[in-house]
Structures are given as C-alpha cells and as structure tokens.
Amino acid sequence: MILEVNNLTVKFGNQKVLDNVSFSVERDGTLAIIGPNGAGKSVLFRTILGLIPYEGEVKWAPNIKIGYVPQKLFVQKDLPLTVQEFLKLKEKGLTNIEKVLNSVGIKKTGILKTRLGDLSGGEIQRVLIANALLGSPQVLLFDEPTSGVDIAGEETIYALIERLKKKVDLTIIFISHELDIVYRHATDVLCLNKEKICFGKPREVIDKETLSKMYGEDVKVYRHHEHHEY
Amino acid sequence: MNTNLYILLITGALVGAVSGYLGSFMVLKRMSLVGDALSHVALPGMAIALILNLNPMLGAFVALTLAVIGVWYLSEKSEIYPEALVGVFFTASLAIGILITPKPELLEALFGNFEKINIFDGVIIAASSALIFTAVSLISKKLLLGIVSEDLAKAEGIKMKNINLIYLLLVGFVVALGVKFVGTLLMGALVVVPAVAAKNLSGSIKSYQILGSLLGVVSVVFGLLISSYFHFSSGPIIVLVSILIFLLSYIFKKHRPNGT
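Residues numbered from 1 in each chain as written. Chains lettered and ligands numbered in written order. Predicted model: local features only at pLDDT ≥ 70, side-chain atom pairs only at ≥ 80, totals over all residues. Heavy atoms only, no water.

- An unreviewed UniProt entry lists chain A under the name ABC transporter ATP-binding protein.
- Recorded under Sequence similarities (unreviewed entry), the UniProt text for chain A is reproduced unchanged: "Belongs to the ABC transporter superfamily." (UniProt positions renumbered as here; feature names shortened; annotations may be inferred.)

Here it is, written out as structure tokens:
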C-alpha cells in the first residue's frame, strides 16, 4: 500500500466536513474520488497532503514523493511571472523543464515566456501537471477542473496520465465529476459524501443505491419533474 | 556637492533598492496597504528612543518588529483577515507617537530629515541593506511559490508561516532603515509605490524585481537631490518622485495593450 487512511475526520469549527473516512491506495493503482459538490473531495486531498489538521490516521509509504495538481490557480491576471519562471521555482535545469512540458503535450516553446495569467484553462492545467511531474513524484494527486478547460481535439488529460503511467511507476489519485472517466481510467473508486459511501472496484461498488446516497437530491428533483409532465 | 551628500545619496540609494525589492513581494501578496501603514508604528518607538537618548532607528526597529509579529500572528491564527485591526492599531500607535515625541524632533520624525543622518547611520544602513537583500534572495523562491499558490507551496513541504514571518520582519527592518530619509508617515510608500510602478512595466518576475529596485533608487536619489537643493523635507519629495514615476508607468502601460 502506498497510502492508508483510517477513520479520518475533519472539522471546520463544529461542522464535520469529513466523517470517519477510511480507504487505501495500492502502488501503481489509480483511485478516483467522486461525490457531489461540497462532499469534501478537495478537503480530503488537502488533508492527505497535510495542509489542514485532522483526526485519524494518514499513512504514506516512507520517503514517498507526491506531486499535487490543484484544481485551479487563482493568479492575478497581471502577475508578472512567466511559465519558465514558475517552473524554475522547482527545477533549475531548462532542458528538464522543456522535456516535461513536451511530455504533457506542450510543444511550442513560446509558452515559456508567457505569463501565467495569459494562459488558457487547458494550458494552465498542463503547466500545473508539468510542475507536479518536475519533482519526479511516485504519486500524483490530481484535482480535476470543473469546467472551462479546452483541450481542443488533442488527447484528454486522462489519456495523457495513462500515457505517463506506462512510462514510469506512478500512482494516481484523482477527483472527478464524470462517472464515464471513472469507469474508463480508475482501478478503484471512493464515493464520498462527507462520509464514505463506497470503496472498491468501480464496476462492483457503483450502483443505484450508492448513487442515490451521493446524489439523492438530484434524483428526487428528476422524479418530481417527470411526474409533473405526465 | 559635498562629500557628505555623496554618502547620503549612496546610503539612500541602497535603502531605495532594498525597499523596492521587498515591496515587489508586498504588492504581489496584496498587502500594499498594510505595508503602507506599517511605517506609522515606527513613531512611538522613535519617540521612546529619543527620550532615552538612543538612536531613533533602533527604537523604530524594535517597534516595527513587535508590530510585524502582531500582524503575522493575526493573519496566521485568526479566521478573518486582520485588515480592520491593522488599521485601528497602526493609527493608534501613530497618535500615541505624535503625543510623546519631543516637539523639536516631531516634524523630522514624521517627514524625514536627511541632514540628521551621520556617517555612523550610513554604515549601519549600508551593512543592513546588504543583509536584508541577501536574506530575501534566499527565501525569494519560496515566497513566490506561496504567492502563486499557498497550497502548492505547503504541499512542497515549505513552511509558509515561517517564510511569511521572516519576510515581514525584513520589511519592518527596511522601514526602520528608511525612516530618517523618508519619515514615519511616508516610508511605507517607498516600499510599495516603486513596486506598483514596476508591475505596470514588467512581463516577468526578473524584470519586475530589477525594475522595482531601480525605481526605488531613482525615487530616493532624485528626491534627495531636489530636497537638498530647495531645502524641503526629504520624505514628501522622495514619495512624490516615486508617485510621478508611477503615473508615467501607468500611462506607458495604457499605451501598450499586451504589456510584456
């Protein structure tokens, strides 16, 4: 196991944001975390990264290097920081930077002199993945962008990750909003709605019951609507 | 121009350079107003030092260090951003400072008087400037990563709390160095304004920081020359020179849509 999480509870003030969550991740596995908005997915990420206090146990395999791809970067539009300068905060060698950018599908070198604030959503995402890969991590934590990422006919971020996985020993933990992506790319899934709803192989554990436990409200609204029409 | 003015210009230029450099981070951290008001805290410290017959820079340094620790503690520990508290606390210390500063020294403490800077001060300022510059360079990468994303920096194992404290202490230090030139009311502006102007003109961090330092130097040197020629208080002139540079940078930016 590369990560073991036992009875994890996170509170913001008196409110429990995560309640007694347990799961584990195997080396070289791909774990998807799914759940509705406000289910605590990003909080779970920030917790296992050690960014916020928690109760319970988060146990990483020893000497593990983690690459983190946040959902979004809130940079000022006119932040005078170029892609090259940003990536150099982590890695001095320009050849290595160019190599990693190439591997995430950024071929044009012009982007190095572009400011972070001038990048498109898809480019930012790729630069963030490049940044995470620069430390040669064994684990990649990937918080999926909700929307607005144009990948314009190229390979999707997930195909990119699959390709990277084939090259190196890489464990992936990603947050997703699309079941389709989970079925196609994840070896395991954790369904979350403040507490653990299900955990296991996607085709075995995702069913009507778990879905309604997670997205219950939506199901009700849908039925009501249907009823109204007839 | 006498030798003394040369020394003043050199030490002033050093303070301007370091102020602009530190200010470049302050502006990106969106702490311009805190930086601006921070210098007010120096006054009660200077007053107490004057009463005790000590070097006012030392008093300013102690007062600023305490204030910085307070600001840092509030911003790290409390849930809400301490902007209002900073406003109240800094103004209070200014009011107390005005009351307790000995009358003959009040005007120069508020607005700066470069003629009171002696060779001993000059040596301290030069040595300290070099020290501050080196210290900030050492934490510069971590500071920048924290500005881009605090989460990314923490995920890298960077202790942002400590980095922020070190940075703010250095800002307090540079304000203490500059109070004799610019005065406690306006010294904060020397930290912030050159950096804001540099931001208008820069497309990369490298050019931004070099330009921030450079504009700090230009502001102090021209400010000192003008005020020594016309016998004005140095503080307001230095700050007005920096504001003029800012206005020019703003016009320049407007005429260049893709500012790189």
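And the narrative resumes.
### Brief notes about the packing of aromatic side chains
All names here are of chain B.
In step 1: Enumeration according to the criterion identifies 9 aromatic pairs over all chains in this entry.
In step 2: Note on tyrosine 21 and phenylalanine 25: the rings are 5.7 Å apart at their centroids and 70° apart in plane angle, and the pair reads as edge-to-face. In this pair, tyrosine 21 and phenylalanine 25 both sit in helix H1 (residues 3–28), 4 residues apart, roughly one turn of the helix.
In step 3: Classification of phenylalanine 25 as buried rests on a relative accessible area of 0%. (Phe/Tyr/Trp six-rings, centres within 6.5 Å; stacked < 30°, edge-to-face > 60°. Helix = DSSP H or I, 4+ residues; strand = E, 2+ residues; numbered from the N terminus. Buried < 20%, exposed > 50% of the residue type's maximum accessible area, 1.4 Å probe, protein only.)

### Structural notes on the interface of chain B and chain A
Often, the extent of an interface is quoted as the loss of accessible area upon association of its parts.
In step 1: Tallying the contact residues gives 22 residues for chain B and 23 residues for chain A.
In step 2: Carbon and sulfur atoms make up 60% of the surface buried where chain B meets chain A, a total of about 2000 Å² over both sides.
In step 3: Of all residues in chain B, Lys141, Val148 and Leu152 of chain B bury the most surface against chain A, accounting for 28% of the area lost on that side.
In step 4: Applying the counting criterion to the chain B and chain A interface returns 3 salt bridges.
In step 5: Lysine 199 of chain B serves as the salt-bridge partner of aspartate 78 of chain A, at 3.2 Å between the closest nitrogen and oxygen.
In step 6: Linking chain B with chain A are 10 residue pairs in polar contact (both at pLDDT 80 or more), by the criterion used here.
In step 7: Put simply, the parts of the chain that give the side of chain B that touches chain A at least two residues each are helix H7 (119–148), helix H8 (150–155) and helix H11 (205–230) of chain B.
In step 8: The element contributing the most residues to the side of chain B that touches chain A is H7 of chain B, with 5 residues.
In step 9: For the side of chain B that touches chain A, a count of residues per class yields 9 nonpolar, 5 polar and 8 charged. (Contact = heavy atoms within 4.5 Å. Buried area = accessible area lost by both parts, 1.4 Å probe. Salt bridge = Lys/Arg side-chain N within 4 Å of Asp/Glu carboxyl O. Polar contact = N/O pair within 3.5 Å; in protein donor to acceptor, adjacent residues only side chain to side chain. Nonpolar A, V, L, I, M, F, W, Y, C, P; charged D, E, K, R; others polar.)

### Some details on unusual backbone geometry
Residues and elements named next belong to chain A.
In step 1: Although it is not a glycine, serine 136 sits at a positive phi angle of roughly 45°.
In step 2: Relative to the helices and strands, serine 136 resides in the loop between helix H4 (121–134) and strand S6 (139–143).
In step 3: We classify serine 136 as exposed; its relative accessible area is 53%.
In step 4: At lysine 194, a position not held by glycine, the phi torsion is positive, near 70°.
In step 5: When you line up the elements, lysine 194 lands in the loop between strand S8 (188–193) and strand S9 (195–200).
In step 6: Take lysine 194: its relative accessible area is 32%, and that puts it in the partly exposed class.

### Brief notes about the environment of phenylalanine 232 of chain B
Residue and element names in this part refer to chain B.
In step 1: When you line up the elements, phenylalanine 232 lands in the loop between H11 and helix H12 (234–254).
In step 2: Considering only alpha carbons, one finds phenylalanine 232 and phenylalanine 111, 121 residues apart in sequence, at a separation of 9.9 Å.
In step 3: The contacts of phenylalanine 232, once residues within four sequence positions are left out, are Phe114, Ser227 and Ile237.

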